[in-house]
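Structural features, examined
Now for the letters of each chain:
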Amino acid sequence: MLVAPSILSADFGNLAKDVQAICEAGCDLVHVDVMDGHFVPNLTIGPVVVSAVAKAATKPLDIHLMVENNSFFVDLFAPLKPGYISFHIEEEKHPHRLIQKIRSLGIKPAITLNPHTPPEAIEFLLADVDMVLLMSVNPGFGGQKFIPSVLERVKRLKALIQKHNPSCLIEVDGGVNNQNIEDLKVAGVDVVVAGSYVFGHKEGYTKAIESLK
Ligand code: DX5
Ligand code: ZN
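Summary of the structure given here. (Residues numbered from 1 in each chain as written. Chains lettered and ligands numbered in written order. Predicted model: local features only at pLDDT ≥ 70, side-chain atom pairs only at ≥ 80, totals over all residues. Heavy atoms only, no water.)

**Digging into the overall build of the chain**
When helices and strands are counted, the chain shows 8 helices and 8 strands. Its C-alpha atoms give the chain a radius of gyration of 16 Å, near enough to 17 Å, the size a compact globule of 213 residues would have. Dimensions of the chain, computed from the C-alpha atoms along their principal axes, are close to 40 × 35 × 30 Å. Among the 213 residues that make up the chain, the fraction classed as buried is 53%. In the form shown here, the chain has an accessible surface area of approximately 9400 Å², with 53% of it arising from carbon and sulfur atoms. (Helix = DSSP H or I, 4+ residues; strand = E, 2+ residues; numbered from the N terminus. Rg over C-alpha atoms; globule rule 2.2 N^0.38 Å. Buried < 20%, exposed > 50% of the residue type's maximum accessible area, 1.4 Å probe, protein only. Areas by Shrake-Rupley, 256 points an atom, 1.4 Å probe, with all protein chains shown as cover.)

**So, the packing of helix 1 (residues 15–24) against helix 2 (residues 47–56)**
At their nearest, the axes of helix 1 and helix 2 sit 8 Å apart, and the two run at 40 degrees to each other. One way to sum up the angle between helix 1 and helix 2 is to call them oblique. Relative to helix 2, helix 1 is oriented so that their crossing is right-handed. Residue-level contacts link Leu15, Ala16, Val19 and Gln20 of helix 1 to Val49, Val53 and Ala56 of helix 2. (Axes fitted to C-alpha atoms, helices over the stretch in contact; angles between N-to-C directions. Parallel < 35°, antiparallel > 145°, perpendicular 65-115°, else oblique. Left-handed = near helix turned anticlockwise from the far one by under 90°. Contact = heavy atoms within 4.5 Å.)

**Brief notes about the coordination of the zinc ion (ligand 2)**
Around the zinc ion (ligand 2), the protein supplies His31 (NE2), Asp33 (OD), His64 (ND1) and Asp173 (OD) as donor atoms, at distances of 2.1 to 2.3 Å. One way to put it: the 6 donor atoms around the zinc ion (ligand 2) meet at angles of 70 to 169 degrees, and that makes the site octahedral. Spacing between the donor residues of the zinc ion (ligand 2) along their common chain follows H-x1-D-x30-H-x108-D. Residue His64 is located in strand 3 (residues 61–66), and its partner Asp173 is located in strand 7 (residues 169–173); the two are separated by 109 residues in the primary sequence. Both residues of the pair, His64 and Asp173, count as buried. (Donors = N, O, S within 2.8 Å, 3.2 Å for Na, K, Ca; no water. Tetrahedral: all angles 85-135°; square planar, octahedral: opposite > 155°, others 65-115°.)

**Considering the packing of aromatic side chains**
For the structure shown, the criterion picks out 2 aromatic pairs. With a centroid separation of 5.3 Å and 90 degrees between ring planes, the pair formed by Phe72 and Phe73 is classed as edge-to-face. What makes Phe73 buried here is its relative accessible area of 15%. When the centroid spacing of 5.2 Å and the interplanar angle of 70 degrees are considered together, the rings of Phe199 and Tyr205 count as edge-to-face. Judged by relative accessible area, Phe199 falls into the buried class, the value being 13%. (Phe/Tyr/Trp six-rings, centres within 6.5 Å; stacked < 30°, edge-to-face > 60°.)

None of this, on its own, says anything about what the molecule does.
Here is the structure:
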């Protein structure tokens, strides 16, 4: 299981330190939640802060866009050379064009689906992306309760991925912890995002990441 701690739950007063610490603790990706106050009812960070995150990180950035104007935000973050940029399918009229744009910038494209969006909605995009992010909470905030129907969606997505693009990864984001990690693994998840679980773990980041792996 690959682990991508969400820095939404980090200490923003000591952000660079926290980012270095999760990288040293063995995370695989650094998950960055970008919210615009329109697509979701919350506002987070822009390229000025994320460039400081990119400098501190020794693992690739996994930028999760929760915004209305995806193409504009791709242009803002592309110079930081993230590993992945994901966009919400619910907010994109021309996904093939956006995927091509992300790839042409040397970044791996990923698509995100809200908890109610069926995996079949993106069947004909799967051949073109490197990862699909299934939300297991409504996007906007850390620390929410896991929605268990994501497990059924993972299984349905896995079958579609096997048909169209077997190397595409499945990532799950929201409410992930040591109680549901086993079910996620069995269902076929490759990458988990964990914010409050990793940053709030009593025994530290290394133990938290190890327990998910
Ligand atoms: C929610 C974000 C998540 C969030 C996860 O909109 O996409 O990445 O920070 O936080 P936890 O793991 O606390 O649910
Ligand atoms: Zn996220």
